[in-house]
Amino acid sequence: MEKLNIAIIGQGRSGRNIHGAFYRGKENDFINVKLVVELDKDRRERALKEYPGCEVMSDWKELIGRDDIQLVVNASFSNMHYDITKELLLAGFNVLVEKPFARTYFECSDLMKIAKEKNVTLAVFQQTFLAPEFLFSKEIADSGKIGEIKQVSIRYNSLARRWDWQTLQEKLGGSLYNTGPHPVGMALGFLDYSDDFRVEFARLATCLTSGDADDYDKLILSAPGKPVIDIEISSIDAYCDYVVKLQGTKGTYKATREGYKIKYILDGENPKKPVIKEPLKNEEGLPAYCSEKLITHEEEGEFTGGVFDSAVRHFYEMLYNNIVYGTPLKVKTENIAKIIQVIETAHAINPLPKRF
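Residues numbered from 1 in each chain as written. Predicted model: local features only at pLDDT ≥ 70, side-chain atom pairs only at ≥ 80, totals over all residues. Heavy atoms only, no water.

1. A closer look at the nonpolar core
The biggest cluster of nonpolar side chains holds 100 residues, and the ones touching the most others in it are Y23, F101, L246 and Y316. Ignoring any residue separated from it by four or fewer positions in sequence, one finds Y23 in contact with I6, I8, N28, I31, V33, Y51, V73 and Y316. (Core = buried A, V, L, I, M, F, W, Y, C linked by side-chain atoms within 4.5 Å. Buried < 20%, exposed > 50% of the residue type's maximum accessible area, 1.4 Å probe, protein only. Contact = heavy atoms within 4.5 Å.)

What follows is the structure, given as C-alpha cells:
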C-alpha cells in the first residue's frame, strides 16, 4: 500500500501526541510524514528525529504551491483553524482539520463550500464517532433491547483544572470548544443528526480554570421523535462513573471508555399490574406502597481499543480510502458543522465576560 504524503501543522498535544503517535506507531499503514510545520524550534528539531526523512518549516504559508503533499493536517491553535484551512483549500489541498472545526456555523459552511468548489476532501478529526463506547452505545440504542430510548446522558466530567491557552476565549478555548465536540457530536449522533434539533437549555460557567473561558457546561438537546439529550462537561465533578447512559422503556445501559453494563426486562416476564384506585393496604390493613421484585437481566462487557488508538486508526483508514479510492467519509463533515452550531448557540445564550 502506497502511503499518503502529508504535511502536519503543529506538534503540540494533538499534533504530536495524538496524530504523531499514530504516525510513529506500528498500526500506521496510511501516512508518510513528508513535512512538519511548527513555530517552536525545539519541536522542529524533535520532529526531524521522530519522523525520519521529513522536512520542517516554521510558516505554513510555505506549503502553498507544493505539489508533493496529498493531505495537510491542520493541528494549529483552535482560533487559527478557519483561516488556515480556508487558505489551504483555496490552494487545492485535501485538509484534515482538528476540532473544533471552526468558531461559527457560517465558517464551517464557508469551508465546505470551498472544498466542494475545489473538488478536494475536507475532513474534521472527530474520531470519537469511531470509538467503541459510541459505536456500541448507538447500536444498543437502535436495537430496541432496552426499549424506546427516552433520555441519553453524556458526561465528560472530572475534578481538574487548567491554566494553558485552552482556558482563553481569545484562543477559542474553553471546555465546550475544546472537549465539547466529542460529547456534542455523540449527542447529535443519538439524534440521528436531525436538522430539526434544538438547544433547549444551555449554561456555561468558569469554575477552576485560570483563564476566562468555560470549564462547566450543561446542555439539553432535543429533536422531534427523539430522546432528550443531557450533556455535561464539568471540571468540578469528582464522582461521575459513566460516559454514556441510556434510559429506555425496558431498562438502562451505562458505558465508560473501558466497558458497559445493561440491566433490562423482557416482554412477558413481568405482566402488567392492574390499576388499583383505592389506597393500598398490606395484610394487616396498614398503608402500603407498590412493591415488587421485577425479573431483570444484566449484561456487561469490555471494549477493545479506544478513542486514542483504534478510533484514530479507523479514522485515518477512512480518510485514506476517501482520498485514494473516493469512498465516502463515514464521519460526515456536514454533521460536524452541526456540532459547531450547537456550541455557537450555547455561547450566544451564555456569553462569558472576557478578562484577557
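2. Some thoughts on the side chain of K138
If you trace the backbone, K138 turns up in helix α5 (residues 132-143). Assessed through its relative accessible area of 14%, K138 is described here as buried. Residues contacting K138, with those up to four places away along its chain left out, are G189, F190 and D192. (Helix = DSSP H or I, 4+ residues; strand = E, 2+ residues; numbered from the N terminus.)

3. A look at the pairing of strand β9 (residues 216-222)
Burial of β9 is extensive: 6 of the 7 residues sit out of reach of the surface. The pairing of strand β8 (residues 198-205) with β9 spans 7 bridges and is classified as antiparallel. The residue of β9 that forms the bridge with V199 is L221. Bridge count between β9 and strand β10 (residues 228-234): 6 bridges; the pairing is antiparallel. Paired with L221 across the strands is I229, a residue of β10. Between β9 and β10, which pair antiparallel and follow one another directly, the connecting turn spans 5 residues, one of which, G225, has a positive phi of 75°. (Pairing = 2+ DSSP bridges.)

4. Some words on the layout of surface pockets
The calculated volume of the second largest pocket comes to roughly 310 Å³. Forming the boundary of the second largest pocket are 13 residues, of which V120, L122, L329, T333 and E334 lie nearest the centre. Looking at which element gives the most residues to the lining of the second largest pocket, the answer is helix α4 (residues 105-118), with 3 residues. Per-class residue counts for the lining of the second largest pocket are 6 nonpolar, 4 polar and 3 charged. (1 Å grid on protein atoms, 1.4 Å probe; cavity = no way out; pocket = protein on both sides within 12 Å on 5 of 7 lines; lining within 4 Å. Points joined across faces, edges and corners; volume = space filled by probe spheres on them. Nonpolar A, V, L, I, M, F, W, Y, C, P; charged D, E, K, R; others polar.)

5. So, the pairing of strand β4 (residues 71-74)
Across the two faces of β4 the burial is the same, with L71 and V73 and V72 and N74 all buried. With 3 bridges joining them, β4 and strand β5 (residues 95-98) adopt parallel strand pairing. Within β5, the residue paired with N74 across the bridge is V97.

6. Let's talk about the packing of aromatic side chains
Inspection of the entire model under this criterion finds 18 aromatic pairs. Centroid distance F22 to Y316: 5.2 Å. Interplanar angle 10°. Geometry classified as stacked. You can see F22 sitting in helix α1 (residues 15-24) and its partner Y316 sitting in helix α8 (residues 310-325), a full 294 residues away along the chain. Note on accessibility: F22 and Y316 belong to one class, buried. Relative to F134, the ring of F129 lies with its centre 5.7 Å away and its plane at 85°, an arrangement referred to as edge-to-face. Put simply, the rings of F22, Y23, Y51, F125, F315 and Y316 touch in pairs and so form one group of aromatic residues. Over the ring of F77 we find K171; its NZ or CZ atom is 4.4 Å from the centre of that ring. The positively charged end of R257 is found above the aromatic ring belonging to Y156, 4.7 Å away from the centroid. (Phe/Tyr/Trp six-rings, centres within 6.5 Å; stacked < 30°, edge-to-face > 60°. Lys NZ or Arg CZ within 6 Å of the ring centre and 35° of its normal.)

7. Description of the sheet that holds strand β11 (residues 244-248)
Think of a sheet as strands paired side by side through backbone hydrogen bonds, with each pair either parallel or antiparallel. Strand order in the open sheet made by the 8 strands is β8-β9-β10-β7-β11-β12-β13-β14, with mixed pairing throughout. Of all strands in the sheet, those bounded by a partner on one side alone are β8 and β14 (297-302). This sheet shows a mean twist of 10° between the axes of neighbouring strands, independent of strand direction. As paired elements, strand β7 (residues 149-157) and β10 share 7 bridges and run parallel to each other. Its bridge partner being in β10, V152 is matched across the sheet by I229. In the packing of α5 onto the sheet, contacts are made with β7, β11, β12 (251-255) and β13 (259-264), and the angle to β12 comes to roughly 170°. (Axes fitted to C-alpha atoms, helices over the stretch in contact; angles between N-to-C directions.)

8. Quick notes on the pattern of salt bridges
For the structure on display, the rule yields 25 salt bridges. Salt bridges sharing common partners tie together E27, D29, R313 and E317. (Salt bridge = Lys/Arg side-chain N within 4 Å of Asp/Glu carboxyl O.)

9. Some words on helix α7 (residues 181-190)
Among the 10 residues in α7, 10 count as buried, and that is most of the element. Regarding α7, the residues found buried are P181, H182, P183, V184, G185, M186, A187, L188, G189 and F190. D192 lies just past α7 and shows a positive phi near 55°.

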